[in-house]
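What follows is the residue order along each chain.
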Amino acid sequence: MRFTKKLLGFCLATGIAGTGTALAATSEDVERSFHPYKFEQVPESAPKPGTVITAENVDTVGKSVLDEGMYRMVKQGWTELTVGDLTPISIHENYRQATLDNLNSAKLGEKVGELNGYVSGRPFPEEPRLDDPRAGEKLAWNWRYSVHFGDSGRIGPFYWKYRDMKSGKVEKTLKVEFDAYNWMHRTLEAPLPAVDKNPSELFRTLYLRVDEPFDVKNTQLLIHRYENDLKRDNAWLYLGFQRRVRRLATGQTTDAFLGSDLMIEDFEGYNGRISDMKWAYKGVRWMLVPVYNHNDIGLSDEYQDSDGFQYVSFGGKGGCFPNITWQVRKNYLLEVTPLDPNHPVGKRDMFVDAQTYAFTRINIYDRADKLWKMWFISQSDSNAHLARHKDIGVPIYDGFGMMDIQAMHCTTGQFRTEIHPEDVTTKMFTPQYLRASGR
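A short tour of the structure in this document, coming up. Predicted model, so just to flag it, every value in this text is computed and none were measured.

**Notes on helix α6 (residues 135-144)**
Given 3.6 residues to a turn, an α-helix orients residues that are three or four positions apart in the same direction.
Here is step 1: Extensive coverage of α6 is indicated by the burial of ten of its ten residues.
Here is step 2: For α6, the complete set of buried residues consists of A135, G136, E137, K138, L139, A140, W141, N142, W143 and R144.

**A closer look at the environment of L188**
Here is step 1: With respect to the element layout, L188 can be found in the loop between β6 (170-182) and β7 (202-212).
Here is step 2: Classification of L188 by relative accessible area gives buried; the value is 16%.
Here is step 3: For the pair formed by L188 and A354, sequence separation is 166 residues and the distance between their alpha carbons is 21 Å.
Here is step 4: In this structure, L188 is in contact with H92, N94, Y95, V147, G150, D151, V394 and H420, ignoring residues within four places of it in sequence.

**Notes on the packing of aromatic side chains**
Any two aromatic rings considered together are summarised by their centre-to-centre distance and by the angle between their planes.
Here is step 1: Inspection of the entire model under this criterion finds 29 aromatic pairs.
Here is step 2: An aromatic cluster of at least three residues, connected via ring pairs, comprises F149, F158, W160, F178, F257, F267, W375, Y397, F400 and F415.
Here is step 3: Across the ring face of Y365, the terminal group of K347 is positioned such that the distance to the ring centre comes to 4.9 Å.
Here is step 4: The ring centre of F309 lies 5.3 Å from the NZ or CZ of R416, which sits over that ring.

**Quick word on the pairing of strand β18 (residues 347-353)**
Here is step 1: The buried fraction of β18 is high, at seven of seven residues.
Here is step 2: Judged by which residues are buried, β18 turns out to be covered on both faces: K347, D349, F351 and D353 on one side and R348, M350 and V352 on the other are all buried.
Here is step 3: When strand β17 (residues 325-338) meets β18, the two strands line up antiparallel, connected through six bridges. Looking at the pairing, E335 lines up with D349 of β18.
Here is step 4: Here β18 folds back onto strand β19 (residues 359-365), and the loop between the two strands holds five residues, one of which, Y357, carries a positive phi near 60°.

**Observations concerning the nonpolar core**
Here is step 1: With 69 residues, the main nonpolar core has W160, L208, L221, F267 and W279 as its most contacted residues.
Here is step 2: For this core, the element with the most residues is α6, which contributes five residues.
Here is step 3: Residues in contact with W279, not counting those within four places in the same chain, are V112, G136, E137, A140, Y270, I274, L334, E335, V336 and M350.
Here is step 4: If you look at the next biggest cluster of nonpolar residues, it comprises 31 residues, including A46, L66, L81 and C410.

**Focus on the packing of helix α2 (residues 27-34) against helix α5 (residues 93-101)**
Helix packing for two helices is described by the angle between their axes and how far apart those axes are.
Here is step 1: As a packed pair, α2 and α5 sit with axes 10 Å apart at the nearest point and diverge in direction by 150°. Between α2 and α5, the angle is such that the two are roughly antiparallel. Remark: the crossing between α2 and α5 carries right-handed chirality. Here S27, V30, E31 and F34 of α2 lie close against α5, whose contacting residues are Y95, R96, T99 and L100.
Here is step 2: Here the residues of the contact of α2 with α5 sort into four nonpolar, two polar and two charged.

**Quick word on the state of the cysteines**
Here is step 1: In total, this model carries one disulfide according to the counting rule given.
Here is step 2: Two residues, C320 and C410, share a disulfide whose sulfurs are 2.0 Å apart. The sign of the -80° torsion about the S-S bond sets the C320-C410 disulfide as left-handed. Taken as a pair, C320 in the loop between β15 (314-315) and β16 (321-322) and C410 in strand β22 (residues 409-419) lie far apart in primary sequence, 90 residues in all. C410 shares its class with C320; the two are buried.

**Considerations on the side chain of D404**
Here is step 1: Residue placement: D404 occurs in strand β21 (residues 396-404).
Here is step 2: Look at D404: it is buried, it has no salt bridge, and the nearest opposite charge is K373 at 5.0 Å.
Here is step 3: Engagement of the side chain of D404 in a polar contact is seen with the backbone nitrogen of A407, the distance being 2.9 Å.
Here is step 4: Apart from the residues within four sequence positions on either side, D404 is in contact with M165, D261, W372, K373 and H409.

**Some remarks on the environment of Y238**
Here is step 1: Locating Y238 in the fold gives a position in strand β9 (residues 234-239).
Here is step 2: In this structure Y238 comes out as buried when scored by relative accessible area, which is 2%.
Here is step 3: When the C-alpha atoms of Y238 and Y95 are compared, they prove to be 35 Å apart, with 143 residues separating the residues in sequence.

**Examining helix α4 (residues 68-75)**
Here is step 1: Along α4, the residues classified as buried are G69, M70, Y71, M73 and V74.
Here is step 2: In this structure D67 caps α4, since a side-chain oxygen of it lies 3.0 Å from the backbone nitrogen of G69.
Here is step 3: A positive backbone phi angle near 80° is found at G77, which sits one or two residues after α4.

**Section: the side chain of T411**
Here is step 1: Position of T411 relative to the elements: it lies in strand β22.
Here is step 2: T411 sits in the buried class, given a relative accessible area of 0%.
Here is step 3: Leaving out residues up to four positions away in the same chain, T411 has contacts with W160, K161, Y162, S260, D261, L262, F400, G401 and M402.

**Describing the environment of R204**
Here is step 1: Here R204 shows up in strand β7.
Here is step 2: Look at R204 and you get buried, because its relative accessible area is 9%.
Here is step 3: Distance in space between the C-alpha atoms of R204 and F309 is 28 Å, their sequence separation being 105 residues.
Here is step 4: Aside from chain neighbours lying at most four places away, what touches R204 is F149, A180, Y181, N182, W183, I223, H224, R225 and E268.
Here is step 5: Only 2.8 Å separates the side chain of R204 from the side chain of E268, close enough to count as a polar contact.

Conventions adopted
Residues numbered from 1 in each chain as written. Predicted model: local features only at pLDDT ≥ 70, side-chain atom pairs only at ≥ 80, totals over all residues. Heavy atoms only, no water. Buried < 20%, exposed > 50% of the residue type's maximum accessible area, 1.4 Å probe, protein only. Helix = DSSP H or I, 4+ residues; strand = E, 2+ residues; numbered from the N terminus. Contact = heavy atoms within 4.5 Å. Phe/Tyr/Trp six-rings, centres within 6.5 Å; stacked < 30°, edge-to-face > 60°. Lys NZ or Arg CZ within 6 Å of the ring centre and 35° of its normal. Pairing = 2+ DSSP bridges. Core = buried A, V, L, I, M, F, W, Y, C linked by side-chain atoms within 4.5 Å. Axes fitted to C-alpha atoms, helices over the stretch in contact; angles between N-to-C directions. Parallel < 35°, antiparallel > 145°, perpendicular 65-115°, else oblique. Left-handed = near helix turned anticlockwise from the far one by under 90°. Nonpolar A, V, L, I, M, F, W, Y, C, P; charged D, E, K, R; others polar. Disulfide = S-S within 2.5 Å. Lys, Arg positive; Asp, Glu negative; His and termini not counted. Salt bridge = Lys/Arg side-chain N within 4 Å of Asp/Glu carboxyl O. Polar contact = N/O pair within 3.5 Å; in protein donor to acceptor, adjacent residues only side chain to side chain.

Here it is, written out as structure tokens:
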């Protein structure tokens, strides 16, 4: 009995119990995590830069690097994909140093959604293992605490287009602003490492406002996400025509938002709690994903800002596909299943970039396990975007597309992202701000 207790104590202390043999992460693991292409090369079998993948050649040159959704789209002739050069994404040294300084401090709790000892940086920089039953959960925490939007950011102007995939008709265009702010675990922008006055212990807040067209003008959305992932988000909606703020019911985050093909839960790839999902790691995939250098691709003349900034353009079936180059990059595949049996989504196949930990491609399946929607968020290196982003070390969101394959409809996004704008402050993320802005 005494020996059994000692053995159990040893297993708990070393992380062996329940998760396979857990090895402490090393500084080499951190280097591999932030600079994977110094250690691994794109497979020789992958299509080379300059290759155009079409319906005619997809089975011979592209199938091995395409997920199910993109393979089907190319095979059906709905889009063609041009392979671009692999460009490692720069990530700020402060975030990498925080990862080193706090190496092995983060530990999973007993429940999904519990994380103990986390300070800042990447919680689990070691390579995930298929024999670790909680590897998917660790990848989810790496995503949550990544720097894919800096410590604060704004997307605006942000043009949403609702499109009929059959006819290509643009049914509606929304002009939107989207802002985000991290209250804790900050490594890039003052205040560091956290906001002093945060009695609610918020981790992250999101704000969205619609500026056009008139019928939905001043619709605003505010989301409070807490440091404690087991605590439910608070969300408020301001409807301009009603001129009042109302609290958003939890179930409404899975409704179509403003008639688009997106749910609130889809924002940024996944806008929800880690504890609401089962995260199953399915291994490494070298995938063709929408990552590129913004200033090096053909851009749209449809919208042009006063400083000359141009937006990504769209084409292909229904105008639902971005006119960009795609890179073959190392990704981790997560199968993400809602714990709520009444959730409209059956599962998501989510591809996580092994360098940035941003979601690059997502296939959404209905409860009958049929492909329902395809979701991508394209990204650019910061050094090939706005001049003010040079050496900022943050991956830049550059466009999105959500395609409802079953309804033959899509919503696309063309936008300008700014990292750490001076006027994105904590004052914006209150219900009172919604009321003041809506007058």
